[in-house]
Structure formats: C-alpha cells, structure tokens
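Observations on the model geometry
Chain by chain, the residues:
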Amino acid sequence: MKDIEMKKTSMGRKKIEISKIKLKKHLQVTFSKRRGGLFKKASELCILCGVEIAVIVFSPAGKLFSFGHSSVNSIVDRFLASQNFDPPLHNVDGNGFPHVNMQQKKYIEILNQLEAEKRREEKLAQSRNTGDQDFVHGQCWWNSIAIDDFGLYELEQLKSSLEGLKEKINKRVDELLMEAFL
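Residues numbered from 1 in each chain as written. Predicted model: local features only at pLDDT ≥ 70, side-chain atom pairs only at ≥ 80, totals over all residues. Heavy atoms only, no water.

The following threshold applies: UniProt positions are given in the numbering used here, feature names are shortened, and annotations may be inferred rather than shown by experiment.
Within an unreviewed UniProt entry, the label attached to the chain reads MADS-box domain-containing protein, and the organism entered is Nelumbo nucifera. UniProt, in the comment section headed Subcellular location (unreviewed entry), describes the chain in these words: "Nucleus".

See the structure below:
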C-alpha cells in the first residue's frame, strides 16, 4: 500500500504585501481590525510589563481613536512636559519617512481651548453668583427672554437658532459618549 498524503484543506495565513489599500470599503475593514489588534497588543504590554501607554490613532475618515493605561491625557501630559514646547517641525519615524508633528501642535491647541473653556466656566459661575446680566435671579438668559414681544420673523429666527444649538449639543453629547466608551 502506498502512503496516503493528507492535503491541507485551507490556504492558511498568507503574508500580504504592505501597501496602501485602494478600495475604501476594504480600507475601513482593515483599519478597524488592525486598530483592535493594536489596542489589544498595547493592553497586553501594559499587563505584562506594568508600563503606562498611550496610543492615538486617526482613522482614514479623520475620526479619533485612543487607548491609554492609566489614561491617555496623563501620559500625553507627561510626554509634553518632558519635551521642549518648541518642537522641531519635522521628525523622522522608524522607517526614515519625515512627518510633521501636527498631532502635538493640535494637542497644545486643544489644551489652550480647554483652558479657555475652564476660564469661561469660572466666569459663568461668578455671573450666576453675582446676578450678572447673563443671569436674572439665578436663571439663564433664555429663561428671561420676553417672547411675547417677538413677531413671527423674530420667533422663526429664535427657533432656527435653538434648533442649531440643539444639533450642536446632541453632536457634542454623542462625541463625549463615544470617547467614554473607548
């Protein structure tokens, strides 16, 4: 009798050529899978070695994804504190490709916006306490509008503005919820 050879029924894992994916659908699927794998590896590195790590990724659509242990903000703050705040315009990554430090500049810009918002919040809190013009008897400005004096045109403008505000608020709430689940 001849020896019977067993043939593989699957092709197994193949090595793929690393190059830009042209089909947008495939690009998104690959990004999602590899992002999950990247975050899993980062988590494993934290557990195995007890390190603090931050991974910040922008999707092909420009959406921000991040993973951090203990937190992305604390790690980025430590990184920025250890760097000069006058970063070189171009760095070279591990593959020898130059890239611009836009993420670091954007982070500093966002930190400045956050500080401005904190100052604005403090000012609003002071206004509430002092009965400033933005607040009437501890209520917000929108509660003190005398809409009985408005005509149809003014009411339509107010309605449109409030609908726009509602859209912005809903969008911001969705963003914050997405960040909380990452």
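**Some points on the nonpolar core**
The condition that has to hold: We call a set of buried Ala, Val, Leu, Ile, Met, Phe, Trp, Tyr and Cys residues a nonpolar core when their side-chain atoms join them within 4.5 Å. Each residue's exposure class comes from its accessible area (1.4 Å probe, protein chains only) as a fraction of the maximum for that residue type: buried when under 20%, exposed when over 50%, partly exposed otherwise. Segments assigned H or I by DSSP are reported as helices when at least four residues long, segments assigned E as strands when at least two residues long, and all are numbered from the N terminus. Residue contacts follow a heavy-atom distance rule, with two residues in contact if any of their heavy atoms lie within 4.5 Å.
Ranked by size, the top nonpolar core spans nine residues in total: Phe31, Phe39, Ala42, Cys46, Ile53, Val55, Val57, Phe65 and Phe67. Elements represented by at least two residues in this core include exactly α1 (24-49), β1 (53-58) and β2 (64-69). Tallying contributions element by element places α1 first for this core, with four residues. Ile53 has contacts with Ala42, Leu45, Cys46, Phe67, Gly68, His69 and Ile75, leaving out every residue within four places of it along the chain.

**Structural notes on the packing of aromatic side chains**
This is how it is decided: Within 6.5 Å between ring centres, the rings of Phe, Tyr and Trp (the latter by its six-membered ring) count as paired, and their orientation is classed by plane angle as stacked under 30 degrees, edge-to-face over 60, tilted in between.
Counted by the stated rule, this structure contains two aromatic pairs. Both rings, one in Phe31 and one in Phe65, keep their centres 5.8 Å apart while their planes meet at 55°; by these two values the pair is tilted. One end of the pair, Phe31, is in helix α1; the other, Phe65, is in strand β2, with 34 residues separating them in the sequence. Residue Phe31 is classed as buried on the basis of its relative accessible area of 14%.

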